[in-house]
Structures are given as structure tokens and as C-alpha cells.
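Now for the letters of each chain:
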Amino acid sequence: MPLVPMKQILDNAIEKNYGVGAFNINNMEQTLAIMSAADRTESPVILQASRGARKYAGSVMIYGLVQAAMKLYPNVVVSLHLDHGNIPASCKEAMDDGWTSVMMDGSLDESGKIPTDYDTNLRVTAEVVQEGHARGITVEGELGTLGGVEDGHGSDQVILTDPVQAAEFAEITQVDALALGFGTSHGAFKFKAAPELRYDIVEAVNKANPKLALVSHGSSSVPPDLVAIVNKYGGSMPGASGVPVDQIVNSIDYGVRKINIDTDLRIAATGAIRTIFSEKPQEFDVRKYLEPAMEAMSQVVEDRMVSFRTAGKASGIGTPITLEAMAASYKTDGAFPDFDRIKG
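Residues numbered from 1 in each chain as written. Predicted model: local features only at pLDDT ≥ 70, side-chain atom pairs only at ≥ 80, totals over all residues. Heavy atoms only, no water.

Student: What am I meant to see in the pattern of salt bridges here?
Tutor: It is possible for side chains bearing opposite charge to pair when their charged atoms get close. Summed over the entire model, instances satisfying the criterion amount to 13 salt bridges. Between Arg-40 and Glu-302 there is a salt bridge; the shortest N-O distance is 2.9 Å. Here Glu-302 lies in helix α12 (residues 286-307) and Arg-40 lies in helix α2 (residues 28-41), a separation of 262 residues in the sequence. Given a relative accessible area of 45%, Arg-40 falls into the partly exposed group. For the salt bridge of Arg-135 with Asp-96, the shortest nitrogen-to-oxygen distance reads 2.7 Å. In this pair, Arg-135 sits in helix α6 (residues 118-135) while Asp-96 sits in helix α5 (residues 88-96), placing the two residues 39 residues apart along the sequence. We classify Arg-135 as partly exposed; its relative accessible area is 28%. Overall, the relative accessible area of 53% leaves Asp-96 in the exposed class. Linked by salt bridges that have partners in common, Asp-96, Glu-131 and Arg-135 make up one network. (Salt bridge = Lys/Arg side-chain N within 4 Å of Asp/Glu carboxyl O. Helix = DSSP H or I, 4+ residues; strand = E, 2+ residues; numbered from the N terminus. Buried < 20%, exposed > 50% of the residue type's maximum accessible area, 1.4 Å probe, protein only.)

Student: Honestly, α5 in this entry has me stumped. Any pointers?
Tutor: It helps to recall that an α-helix has 3.6 residues per turn; residues three or four apart then point in one direction. Those residues of α5 that fall on the buried side of the exposure criterion are Pro-88, Ser-90, Cys-91, Ala-94 and Met-95. Taken down its axis, α5 places every buried residue within 160° of arc, on the same side. On its buried face, α5 is in contact with α3 (51-57), β3 (78-85), β4 (101-104) and α6. Positive phi shows up at Gly-98, right after α5, with a value of about 100°. (Arc of directions from axis to C-beta. Contact = heavy atoms within 4.5 Å.)

Okay, here's the thing in C-alpha cells:
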């Protein structure tokens, strides 16, 4: 099965009221862990890579890993997504490399650390939508910012999304998906107190535009049992905390469709590797500790697919839509930005 536009998956999630995990990859082990879980649970899945991952492994390598995994798991419905593109050029590079979905994070500047103004966000996001939709590629934007920092990305400033502004942003830019600031946070040390998600923000944005796929970034739960394994075998993660899975599940019924997960897989892999290093210090065959790491990550992914109600939904996606067909659909629908309403 070929890579599909992320919009095809998200449209089905909107129709059937479920969430889709978007899991970050950097290497073969993460890719296989996610794909095997998707195959076991018959779930559609979004594989995504950040700019940090592209720097670490290279865009060509990541694309090749996904293509190889698709041959091993030919029945899995999968989209390849650029996470947190920082400038239009980064997004266009991913498009050129064959990725079927990109995110233009115009909520932060090129450094990925300083919040931008609304008009700048509109302008850069619209530029990417114009290019992406002409190619049939799905585009995600972001309005508002999250707390925390992960993979060098984040301002650590919380700016909650204004629902009225979000409706205008979606109308002007014609993004397919929109990440919201509603109380989640990046990283493994998300909160000092119990999180309070602003479901009212999600609900209001969804009510204004029910066909817009809403996105929850910073959605890892940082499972205490997995953190305990890391700490037991020499790690140090005091105060690690995340968003409880049930709170993320609740957000699905308010309109969240794409759910970003990265930290949980990192912690699962780290705990498995530390366990082998501690219990079998004589071991030096990388396969002996990377295989348990894959198994640990795959179990987390499977659990999330079941919780998000993604399991069993792959068969309902239908025939893969080509980028050419999607581009034609965007043209027919006039799904391109209104640059006359953008300042600057």
C-alpha cells in the first residue's frame, strides 16, 4: 500500500469519531515498533519526524525506513508527516522528498523558541498550504503555544488558542489540520500540578469548523511504571509527569483527531535498554537490547491505538488516494489561501 495523504486518514477519523496517533520516528527500531503495532491492531497510523530527526538520520534515510517498513507491513495505512516545520523551505524540502504531509509551525519563529505574531503565522502557513495543496499534500498549522521544550523545540510559554481567531485562521489559510494550545505540554516534565485541559477551546473550534482536524501536541502520558523502570536501573527522572491517557481520550469527543506521541516511546525504550545493561552487564550485542526496546515501544503504541479507538479502523479508510487525485480535489473545492486577507 502506498503512503496516503494524512487528510485521508483524518477525514475518516472525523467521520467515525476516533483519534489517530502520530508517533515520532528517528530510526529503524521506532519505525518497526510502530508499524508492527498498527498491523496487529489494524490501525491507520501517522509516522512523523521532526527537524531534529531529519538532522539525525537524514530525510532520505527516514523516507527509506518507512518505505521498507511498508513492504514488511503492506496492509498498514500510513502517512509520513513532517513535525514542526520551522520555515516554508523546510516543508517544501519534505514535499520534494516524497512526504505526504507537513506541518508549518508558524506559531514560533525560525529558531522554534520565540512566539510570533498572528499575521506572521498566517503568512508563512498560507505559503505552505498554497504549495502543499497544489501537490495534494496535507498541511497542518498551529495557533497558540505549548509549555515545555522537546527536541529543542518550544518556547516554554503557554499561549492558549483563541477559538474565534482559530476559525478565522483556518478559513484564511485553508489548513487541513490545526494544532491547538489547550493545556498540553511538550517533554517528560510537563506539569508541576495536575493538568487541566481546556476542552472548551477544542469544543468551540470544532463547533465552528467540524471538518477541520484538530491536533493535540505534547500528548504523552509519561507512564509512571515506565519512568520507575528507568529510575530503578540508574536513570534520573524525578518529577516526570504527563497528560493522563483518559484526558487525551476525552479530548477526542470534543474534536481532537491527531494525537502526537514521542516522549512515551523514548521512556519505554530507555527503560528496556537500561534493564538489559543492568541485569546483563556482559551483553554487548546491540540486538540484545534494541529488540526489547522495540517490544516495549510497540506495546505503548498498541495501548494508545486501543485507547484512541484507532484499532480496527484501517479497513474503513478505503482505496488509497493519490497525491494527484488529492490535488485535483483541492482545486475543485477551492481549498487555497485567501492572500487578500493576509497583511504584509
